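# Coordinate analysis (summary)
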Amino acid sequence: MAKKSRPRTKQREAARTLEKLQSARERLFALEAGGSPDRPLHVVSSAVVETQAESVPCPRCEGKHDVAEHVAVTLRGTRLREARLRCRQCGTTRSLWFRIGDALPN
Ligand SMILES: [Zn+2]
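Residues numbered from 1 in each chain as written. Predicted model: local features only at pLDDT ≥ 70, side-chain atom pairs only at ≥ 80, totals over all residues.

## A look at the overall build of the protein
For the protein, the count of helices and strands is two helices and four strands. Overall, the protein shows an N-to-C arrangement of helices and strands of α-β-α-β-β-β. In terms of C-alpha radius of gyration, the protein reaches 18 Å, well past the compact-globule figure of 13 Å for 106 residues. With 106 residues in all, the protein has 14% of them scored as buried. (Helix = DSSP H or I, 4+ residues; strand = E, 2+ residues; numbered from the N terminus. Rg over C-alpha atoms; globule rule 2.2 N^0.38 Å. Buried ≥ 20, exposed ≤ 12 C-beta atoms within 10 Å, placed from the backbone.)

Shown next, in the form of structure tokens:
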């Protein structure tokens, strides 16, 4: 098939490119500090978890997050907090992970 570049095709290509970019950003978010229980963000108290979680923009659309839930989770003996976030703009959900207390030397 010959490659056509009619406007509609271009639009589809743009949408695909955007979708690829957004999933790449989503994967990057998961690799950054706080994106997984293996790499929690350190906070001094649970009182700041929600404020800090809300200050992180949506990796897909850079919209603001709402904290849908804030739960205490114990994983492999480490007590963590999971902030379940929902983007106000695009409605996607993700979690941010926190560890409360002093940062431990690695
Ligand atoms: Zn969003």
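## Topic: the sheet that holds strand E2 (residues 65–75)
One open sheet accounts for four strands, arranged E1-E4-E3-E2; its pairing is mixed. Edge positions in the sheet fall to strand E1 (41–43) and E2, since each of these pairs with one other strand and no more. On average, adjacent strands in this sheet sit at an angle of 35 degrees to one another, irrespective of strand direction. Where strand E3 (residues 78–87) meets strand E4 (residues 93–100), seven bridges bridge the pair, whose relative direction is antiparallel. Looking at the pairing, Leu 85 lines up with Arg 94 of E4. (Pairing = 2+ DSSP bridges. Axes fitted to C-alpha atoms, helices over the stretch in contact; angles between N-to-C directions.)

## Some points on unusual backbone geometry
Located in the positive-phi region is Glu 62, a residue other than glycine, with phi close to 65 degrees. Within the secondary structure layout, Glu 62 lies in the loop between helix H2 (49–54) and E2. According to the C-beta neighbour criterion, Glu 62 is exposed, with 11 such atoms within 10 Å. The phi angle at Arg 76 is positive, at roughly 45 degrees, despite the residue not being glycine. For Arg 76, the location among the structural elements is in the loop between E2 and E3.

## A look at the nonpolar core
One finds Val 49, Ala 53, Ala 83, Leu 85, Leu 96, Trp 97 and Phe 98 forming the largest nonpolar core, which totals seven residues. For this core, the secondary structure elements donating two or more residues are H2, E3 and E4. Excluding its chain neighbours within four sequence positions, the residues that come into contact with Leu 96 are Gly 34, Leu 41, Ala 53, Val 56, Ala 83 and Leu 85. (Core = buried A, V, L, I, M, F, W, Y, C linked by C-beta atoms within 7 Å. Contact = placed C-beta atoms within 7 Å.)

## Regarding the pairing of E3
Where E2 meets E3, 10 bridges bridge the pair, whose relative direction is antiparallel. Bridge assignment links Val 73 to a residue of E3, and that residue is Leu 80. Counting the residues in the hairpin turn of E3 and E4 gives five residues, including Gly 91, whose phi is positive at 80 degrees.

## What to know about the pairing of E4
Pairing analysis gives three bridges linking E1 to E4, with the strands arranged parallel. By the bridge assignment for E4, Val 43 is matched with Ile 100.

## Some details on helix H1 (residues 7–31)
When the terminal C-alpha atoms of H1 are compared, their 36 Å separation across 25 residues agrees well with the 36 Å that a helix rising 1.5 Å per residue should span. Where burial is concerned, little of H1 is hidden: zero out of the 25 residues are buried. (Expected span 1.5 Å × (residues − 1).)

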